[in-house]
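Here's the letter readout for the chains.
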2 protein chains.
Amino acid sequence: MYASRISRLTGSVAREILSHANNKDMLSFAGGLPANEAFKGLKLPDDEGSSFQYGASEGERSLRELFAERFQAKGIDCGFEQVLITSGAQQGVDLVSKLFIEPGVTVGIEKPTYLAAIQSFALFGAEFEPFGLEADGPNLEEFEQVLQKGDVRFIYLCPSFQNPSGICYSLEKRKAVAALLDEYEVTLIEDDPYGELNYTDACTVPICSFLKKAKWIHFNTVSKILAPGLRLGCLGCSPEFFPHLLKLKQAADLHSNRFSQAVVHQWLSDEDLMAKRTQQLRSLYHEKQQVMAQSLETHFKDLAEWNTPAGGLFFWLRLKEPVQIRELLGCCLKQGVAFMPGGPFFPTEDEGAQFMRLNFSNPPVERIDGGLKVLAEEIGKMVTLVV
Amino acid sequence: MYASRISRLTGSVAREILSHANNKDMLSFAGGLPANEAFKGLKLPDDEGSSFQYGASEGERSLRELFAERFQAKGIDCGFEQVLITSGAQQGVDLVSKLFIEPGVTVGIEKPTYLAAIQSFALFGAEFEPFGLEADGPNLEEFEQVLQKGDVRFIYLCPSFQNPSGICYSLEKRKAVAALLDEYEVTLIEDDPYGELNYTDACTVPICSFLKKAKWIHFNTVSKILAPGLRLGCLGCSPEFFPHLLKLKQAADLHSNRFSQAVVHQWLSDEDLMAKRTQQLRSLYHEKQQVMAQSLETHFKDLAEWNTPAGGLFFWLRLKEPVQIRELLGCCLKQGVAFMPGGPFFPTEDEGAQFMRLNFSNPPVERIDGGLKVLAEEIGKMVTLVV
């Protein structure tokens, strides 16, 4: 009685954990939530009431212009008429799935990659061709092998402080990836929610800014630099994609919330405010990241391997010994500590059995060490049991 | 290079006209926009900042409870755990399409029906089984014939002041439709955006409140009683549909705007405010409707046939002589007057060639007569040319 895609509707681990995480006492390393204290400076500007009425499906012209300017400042050749305002970057994923995917279509993805992209692509019937990630970006041989197969509809990448791995592509790999996409003329879907959360001097130039022939869609969002509750994102794209994406947007929800659009326009158009805010966020998150790095060193040295990410919101741990990670999660939740198991970030969950993702932006800084200690103890118990 | 559904992406007449309608001088009978003066009483309440963070995919518990109460007050047996907050009722249509439709699936629809539902269902590959509407609801013989075919996945209805026809089902027909749906065990998708805009004492009891066996999904929205720019709607549904719809919602946009949810909660929980507001809206729109009824009598008596609707936002006209309606629209737009051609409200546009939809809620009351005069003159010219 349902469409066959419903049998491909997977995974609500993340949502289940999030529902636990709403208990105020729960310490959650699971989500990718901004710090609550990061919202303190934000106020809702007055609105004269024009936002009450229906609006354009493509979004407010003035806001599209602002996003186009921001894209251009990053090197992307993108006019406002190529910018579509979306209800969060997640809606960009939904629109791209509708545009490109049906049963039998293959897409190229990083291994691991953003779980809600896997969910959406799989829902619409995609098959996956994954390629491995190294510390500075994709394994280029594997990447080219995926392109060589010739039937890949698009490549989905998150090159800056990727969710979940935290990896940031080097400038060289960004250029190499762009050159290969041009050579094979494969479309790039580039997701960039974390680029501004740069705690070092890592390169965050969008890969689509290097493309000469291949077509592209670039997602952005204000969820990390302003507030996710606004559900406001946008995409820029090759001109020929725009009319289709616009109609798909209209069919999805007519247009995005106009109050959010007004609020975001007011904030983004104030360059001083945004510069100050971005700097504050970087300091806040960098401090939390360093606290977590220190605690990991203390509690996890014998249990796991990881790299300290140059930006973003996550540590990505590979456990040295295999554990029953769902069972581990259950034990930790009972102790009031949540984390995100690695499985859902892989096209087949088993591949991620030894991984876990730890968020450092949302937990209160003074609770990070205690929470990691609980996690490490629970892992230790399970590893001992296995041995 | 696109999914095959993209070849089924139709129609942007409505959006094209809306883009004209944004010119301040344009007089638009085309859209279904609330009156701008209807927003005067609305203010944004203060928010303590909790709405900035990510929220639950199903929506805020307190708002779901309020909508459940409103459903129960209308006779629908629906707990808050069956209520999903959506980004406008349009998102409900998108989620239902994803849940049920793939190429080869047949759905039963009113003829005419809401154009954006046709677009969404067709995008996902639906075939249509339409049944005719009479002044008091569906032609029951045709309706039963559609059910008898046995392969109809669901029936989509808008029983109260339907868009575009303005028809409101009688109590008898509501009960008869429910009994037939129960008999054939076919799922009902019931869209109810206009039920509160009742200018008479027409019956607006939801059909799903009469169902005993058939499953159902019921859409509601605050776009007509509060403000469409908030993009906030909700659906209630049979319990077994809920887990699927929730995951589909999560994949579509994670969750709906939390500021809109907070605002709508504050308004809907104030019963006196809402009672007063609904009464004011009814007076405002009823007056405009009566002005349009009078002007139609003056200018259209020889040109068209219509019924005065008992509620909602639209007059639905059948022209006595066939005209090239797209050409007519072009001429009228040049004169600064917009209307909505009837074609997109039918599964095949040609069937609607002699119909037009006129909105009376948005145009300034003092411009209605002048605008209709222009429309009538342009129609008169074209009819004369044909003769």
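Residues numbered from 1 in each chain as written. Chains lettered and ligands numbered in written order. Predicted model: local features only at pLDDT ≥ 70, side-chain atom pairs only at ≥ 80, totals over all residues.

## What about the overall build of chain A?
Short version of the rule: Helical segments are the DSSP runs of H or I of at least four residues, strand segments are the runs of E of at least two, and each set is numbered from the N terminus. In this setup the radius of gyration rests on C-alpha atoms only. A globule is expected at 2.2 Å times the number of residues raised to 0.38. Residues with at least 20 other C-beta atoms within 10 Å of their own are called buried, those with 12 or fewer are called exposed, and the rest are partly exposed. The C-beta atoms themselves are positioned from the backbone. Working definition of a contact: two residues with C-beta atoms, positioned from the backbone, lying within 7 Å.
For chain A, the helix and strand inventory stands at 11 helices and 14 strands. A compact globule built from 387 residues would reach a C-alpha radius of gyration of about 21 Å, and chain A, at 21 Å, matches this within 12%. Principal axes of the C-alpha set define a box for chain A whose edges measure 60 × 50 × 50 Å. Across the 387 residues in chain A, those meeting the buried criterion constitute 54%. In chain A, once contacts between residues fewer than 6 apart in sequence are set aside, the share between residues at least 24 apart is 75%.

## Details of the relation of the copies chain B and chain A
Applicable threshold: Here the copies are superposed with least squares, the fitted atoms being C-alpha atoms of residues at a pLDDT of at least 70 in both.
It takes a turn of 180° to lay chain B on chain A, together with a shift of 0.0 Å along the axis; the resulting RMSD is 0.0 Å. In symmetry terms, the pair is related by a two-fold rotation axis. Ranked by how close their C-alpha atoms come to the rotation axis, the residues of chain B are headed by Asn-257 of chain B, at 3.7 Å. The share of interface residues of chain B whose copies in chain A are also at the interface is 100%, consistent with both copies meeting through the same surface.

## Observations regarding the domain arrangement of chain A
Residue and element names in this part refer to chain A. To keep it simple, the criterion reads: These domain limits were set by an automatic method or by a database of domain assignments. Residues are grouped as follows: Ala, Val, Leu, Ile, Met, Phe, Trp, Tyr, Cys and Pro are nonpolar; Asp, Glu, Lys and Arg are charged; all remaining types, including Gly, are polar.
Assigned domains of chain A: these are domain 1 (4-39 + 273-386) and domain 2 (50-270). Measuring from the centre of the C-alpha atoms in domain 1 to the corresponding centre in domain 2 gives 24 Å. In this assembly, 33 residues from domain 1 lie in contact with 34 residues from domain 2. Examining the composition of the side of domain 1 that touches domain 2, we find that eight residues originate from one element, helix α9 (residues 271-300), more than from any other. Within the side of domain 1 that touches domain 2, the residues separate by chemical class into 18 nonpolar, 11 polar and four charged.

## A short note on the sheet that holds strand β4 (residues 127-134) of chain A
Residue and element names in this part refer to chain A. Basically, it comes down to this: DSSP calls a pair of strands paired once it identifies at least 2 bridges connecting them. Note on definitions: angles span 0 to 180 degrees between N-to-C directions of axes, and those axes are lines fitted to C-alpha atoms, for helices only across the stretch in contact.
Read from one edge of the open sheet, eight strands run β2-β9-β8-β7-β6-β3-β4-β5, paired in mixed fashion. Edge positions in the sheet fall to β2 (83-86) and β5 (137-138), since each has one partner strand and no second. Pairing analysis gives four bridges linking strand β3 (residues 106-111) to strand β6 (residues 152-157), with the strands arranged parallel. Following the sheet pairing, Val-107 is matched in β6 by Phe-154. Against the sheet, helix α2 (residues 61-73) engages β2, β8 (216-221) and β9 (233-237), with an angle of about 115° to β2.

## Quick word on the interface of chain B and chain A
On the chain A side, the residues contacting the 57 residues of chain B number 57 residues. Every element with two or more residues in the side of chain B that touches chain A is listed here: α1 (13-21), α3 (89-100), α4 (115-123), α7 (242-253) and α8 (258-268) of chain B. Top contributing element to the side of chain B that touches chain A by residue count: α7 of chain B, with seven residues. In terms of residue class, the side of chain B that touches chain A is made up of 25 nonpolar, 22 polar and 10 charged.

## Quick notes on the nonpolar core
Our working definition: Any set of buried Ala, Val, Leu, Ile, Met, Phe, Trp, Tyr and Cys residues joined through C-beta atoms within 7 Å is what this text calls a nonpolar core.
Counting 228 residues, the largest nonpolar core has Leu-188 and Phe-339 of chain A together with Leu-188 and Phe-339 of chain B as the members making the most contacts within it. Setting aside anything within four residues of it in sequence, one finds Phe-339 of chain B in contact with Phe-29, Ala-30, Leu-329, Cys-332, Met-356, Arg-357, Leu-358 and Leu-375 of chain B.

## Details of unusual backbone geometry
A cis geometry characterises the amide bond from Lys-111 of chain A onward to Pro-112 of chain A, with omega recorded as 5°. In this structure, Pro-112 of chain A sits in the loop between β3 and α4 (115-123). In the segment running from Asn-163 of chain A into Pro-164 of chain A, the intervening peptide bond is cis, with an omega of 20°. Tracing the backbone through its elements, the reader meets Pro-164 of chain A in the loop between β6 and α6 (171-184). One non-glycine residue with positive phi stands out, namely Glu-185 of chain B, at about 50°. Within the element layout of this structure, Glu-185 of chain B appears in the loop between α6 (171-184) and β7 (187-191). For Leu-254 of chain B, which is not glycine, the phi torsion reads 65° and is therefore positive.

## A look at α2 of chain A
Residue and element names in this part refer to chain A. Note the following rule: One less than the number of residues in a helix, times 1.5 Å, gives the span that helix is expected to have.
Between its terminal C-alpha atoms α2 stretches 18 Å, which fits the 18 Å expected from 13 residues at 1.5 Å a residue. Where α2 is buried, its residues meet β2, β8, β9 and α8 (258-268). Backbone geometry just downstream of α2 places Gly-75 in the positive-phi region, at approximately 100°.

## Some details on the packing of helix α3 (residues 89-100) of chain A against α7 of chain B
Threshold: When an angle is under 35 degrees it counts as roughly parallel; over 145 it counts as roughly antiparallel; between 65 and 115 it counts as roughly perpendicular; any other value is oblique.
The geometry of α3 of chain A relative to α7 of chain B is characterised by a closest axis approach of 5 Å and an angle of 105° between their N-to-C directions. Judged by the inter-axis angle, α3 of chain A sits roughly perpendicular to α7 of chain B. Residues Gln-90, Gln-91 and Asp-94 of chain A of α3 of chain A pack against Ala-251, Ala-252 and Asp-253 of chain B of α7 of chain B. Class assignment for the residues of the contact of α3 of chain A with α7 of chain B results in two nonpolar, two polar and two charged.

## Some points on the packing of α2 of chain A against α8 of chain A
Residues and elements named next belong to chain A. Stated formally: Each crossing gets its handedness from the near helix: less than a right angle anticlockwise from the far helix is left-handed, clockwise is right-handed.
Their axes nearest at 10 Å, the elements α2 and α8 cross at an angle of 40°. Considering the angle they form, α2 stands oblique to α8. Remark: the crossing between α2 and α8 carries left-handed chirality. Contact with α2, carried on its side by Ser-62, Leu-63 and Leu-66, involves Gln-261, Val-264, His-265 and Leu-268 of α8 and no other residues of that element. Residue composition of the contact of α2 with α8, grouped by class: four nonpolar, three polar and no charged.

## Here's the deal with the pairing of strand β14 (residues 355-359) of chain A
All names here are of chain A. Within β14, five of the five residues are buried, leaving the element largely enclosed by the surrounding structure. Judged by which residues are buried, β14 turns out to be covered on both faces: Phe-355, Arg-357 and Asn-359 on one side and Met-356 and Leu-358 on the other are all buried. Where strand β11 (residues 314-319) and β14 come together, five bridges link them in antiparallel fashion. Residue pairing for β14: Phe-314 is matched across the bridge by Asn-359. Bridge analysis of strand β13 (residues 340-341) against β14 gives two bridges, and the strand direction is antiparallel. From the neighbouring strand, Met-340 faces β14, where its bridge partner is Arg-357.

## Notes on the environment of Ala-227 of chain B
Residues and elements named next belong to chain B. Of note, Ala-227 is situated in the loop between β8 (216-221) and β9 (233-237). The exposure class assigned to Ala-227 is buried, which follows from the 25 C-beta atoms found within 10 Å. Sequence separation between Ala-227 and Phe-39 is 188 residues; the distance between their C-alpha atoms is 7.1 Å.

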